[in-house]
Amino acid sequence: MVRLWLESPGLTTVGKMNHLPLSQTSTLYLAHCALKELFGDRAPKPFHVENGEDSGRYVRVLGYAGADSEALESEARIGTDPTIYDICDWDRLRSKPMPESFPEGMQLSFEVRACPIVRKSSAGEGPNGREWREGQELDAFLSRAWENPDEELTREGVYRDWLIRQFEVRGGAAIDPESVGMSRFSIERMVRRTHGDDRSVNVIKRPDVTLHGTLEVTDSDTFRKVLRSGVGGHKTFGYGMLKVQRA
């Protein structure tokens, strides 16, 4: 795990250098761009961004990386634009090794900032006339509400079920359903570049949710893989980092 501090004005500079619409670009995506510029393929992923100290001058980034702080700084010294290099407060860069294993049966509390979405496997229409396309990405809550308009739903309940399903599919741990709570929710605008020659910018809206609870490790190797790869979609935007500690 690594912890670093990125200067907020510097993130704005990164956005300008990448010709991003700053009024519609989140701090999460600017941090992604900065990390990619600094560390290339060694950039921490998944990562988590939160407001830092110094009256908003810095944001704090936590992430899982395959290199320690010394190796990351060495990487940043190679070929990085000096303006980008100066965004990071190198004196506060820290890293620590994660456990080599998590014993089966270990109880851990967790927190994750997630983007709970589902991708529709086929086109369809719900009883209320809501339509969706094959392959369309939907907020997990809207997807369930459109398919079952008469069902009494809460966002917290749907997102809890979504999170539990992530671990049912991937394995590694079992979530205690009674422990899961939602501490924050918003709909965020995400700037996403296309992959064509023009590299145009699209703005999409997606749920931004922080969930917390407890889990039990069921398979150490698989759980480590989940930690390293993250939970859910849009990890490029700073979602999916599972932060854990002993319960």
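Now for a description of the structure that goes with this document.

Calculation rules
- Residues numbered from 1 in each chain as written.
- Predicted model: local features only at pLDDT ≥ 70, side-chain atom pairs only at ≥ 80, totals over all residues.
- Heavy atoms only, no water.
- Helix = DSSP H or I, 4+ residues; strand = E, 2+ residues; numbered from the N terminus.
- Areas by Shrake-Rupley, 256 points an atom, 1.4 Å probe, with all protein chains shown as cover.
- Lys, Arg positive; Asp, Glu negative; His and termini not counted.
- Charge placed at Lys NZ, Arg CZ, Asp CG, Glu CD.
- Buried < 20%, exposed > 50% of the residue type's maximum accessible area, 1.4 Å probe, protein only.
- Contact = heavy atoms within 4.5 Å.
- Phe/Tyr/Trp six-rings, centres within 6.5 Å; stacked < 30°, edge-to-face > 60°.
- Lys NZ or Arg CZ within 6 Å of the ring centre and 35° of its normal.
- Expected span 1.5 Å × (residues − 1).
- Salt bridge = Lys/Arg side-chain N within 4 Å of Asp/Glu carboxyl O.
- Pairing = 2+ DSSP bridges.
- Core = buried A, V, L, I, M, F, W, Y, C linked by side-chain atoms within 4.5 Å.
- Axes fitted to C-alpha atoms, helices over the stretch in contact; angles between N-to-C directions.
- Parallel < 35°, antiparallel > 145°, perpendicular 65-115°, else oblique.
- Nonpolar A, V, L, I, M, F, W, Y, C, P; charged D, E, K, R; others polar.
- Polar contact = N/O pair within 3.5 Å; in protein donor to acceptor, adjacent residues only side chain to side chain.

### Here's the deal with the overall build of the protein chain
Within the protein chain, the regular secondary structure consists of seven helices and 13 strands. Only carbon and sulfur atoms are counted for the fraction: they give 43% of the accessible area of the protein chain, which is about 12900 Å². The distance from the centre of the 34 positive side-chain charges to the centre of the 38 negative ones in the protein chain is 2 Å.

### Side note on the environment of Val2
Take Val2: it is sitting in strand β1 (residues 2-7). Val2 gets classed as buried once you look at its relative accessible area, which sits at 2%. When the C-alpha atoms of Val2 and Glu147 are compared, they prove to be 41 Å apart, with 145 residues separating the residues in sequence. Not counting residues up to four positions away in its chain, the partners in contact with Val2 are Pro44, Val61, Leu62, Gly63, Ala65, Ala67, Leu72, Arg94 and Ser95.

### Section: the packing of aromatic side chains
Summed over all chains, the structure comprises five aromatic pairs. Arg92 extends its terminal NZ or CZ atom over the ring of Tyr58, reaching a point 4.9 Å from the ring centre. Positioned above the aromatic ring of Trp132, the side-chain terminus of Lys120 is 4.7 Å from the ring centre.

### Side note on the environment of Ala123
In this structure, Ala123 sits in the loop between β6 (117-119) and β7 (124-125). What makes Ala123 exposed here is its relative accessible area of 55%. Between the C-alpha atom of Ala123 and that of Ala173, which follows or precedes it by 50 residues, the distance is 32 Å. Excluding anything up to four places from it in sequence, Ala123 contacts Trp132, Arg133 and Glu134.

### Re helix α6 (residues 155-170)
With 16 residues, α6 should cover 22 Å at 1.5 Å per step; its first-to-last C-alpha distance of 23 Å lies within 8% of that length. Restricting attention to buried positions, one finds in α6 the residues Gly157, Val158, Tyr159, Trp162, Leu163, Ile164, Gln166 and Phe167. Once α6 ends, the next one or two residues include Gly171, with phi positive near 80°.

### Observations concerning the pattern of salt bridges
What the rule picks out here adds up to 17 salt bridges. Close ionic contact of Asp208 with Arg184 constitutes a salt bridge, the shortest N to O distance being 2.7 Å. Placement of the pair is Asp208 in strand β12 (residues 201-217) and Arg184 in strand β11 (residues 181-193), with a sequence separation of 24 residues. Accessibility expressed as a relative area gives 0% for Asp208, which makes it buried. Of the residues examined, Arg184 reaches a relative accessible area of 31% and is grouped as partly exposed. One network of salt bridges, with partners in common, ties together Glu50, Arg60, Glu111 and Lys243.

### Points about the pairing of strand β5 (residues 107-114)
Side-chain direction in a regular strand flips from residue to residue, so the side chains alternate between the two faces of the sheet. Across the eight residues that make up β5, a large majority, six, are buried. One ladder, built from five bridges, connects β5 with strand β13 (residues 242-246); its direction is antiparallel. In the strand pairing of β13, Leu108 is matched with Arg246.

### Some thoughts on the nonpolar core
Among the nonpolar cores identified, the biggest contains 37 residues, and Leu4, Leu6, Leu35, Leu38, Phe39 and Trp90 are the most heavily contacted of them. Within the residue set of this core, elements represented by two or more residues are β1, α1 (8-17), α2 (27-39), β2 (47-51), β3 (58-63), α3 (69-76), α4 (82-85) and β11. Ranked by the residues each element gives to this core, the list is headed by α2, at nine residues. When sequence neighbours within four positions are dropped, the list of residues in contact with Leu6 reads Leu11, Ala31, Ala34, Leu35, Leu38, Arg57, Tyr58, Val59, Val61, Ile87 and Cys88. Counting residues in hydrophobic clusters, the runner-up holds 29 residues, among them Tyr64, Val158, Tyr159 and Leu242.

### With respect to the packing of α1 against α2
Two numbers describe how α1 lies on α2: the axes approach to 9 Å, and their chain directions differ by 75°. In terms of orientation, α1 and α2 fall into the roughly perpendicular class. Counted together, Leu11, Val14 and Gly15 of α1 and Thr27, Leu30, Ala31, Cys33 and Ala34 of α2 form the full contact between these two elements. Residue classes in the contact of α1 with α2 are distributed as six nonpolar, two polar and no charged.

### Here's the deal with helix α5 (residues 140-147)
For α5, the set of buried residues is Ala140, Phe141, Ser143, Ala145 and Trp146. On its buried side, α5 packs onto β6, β8 (131-132), β9 (137-139) and α6. Sitting at the head of α5, Asp139 places a side-chain oxygen 2.8 Å from the backbone nitrogen of Phe141.

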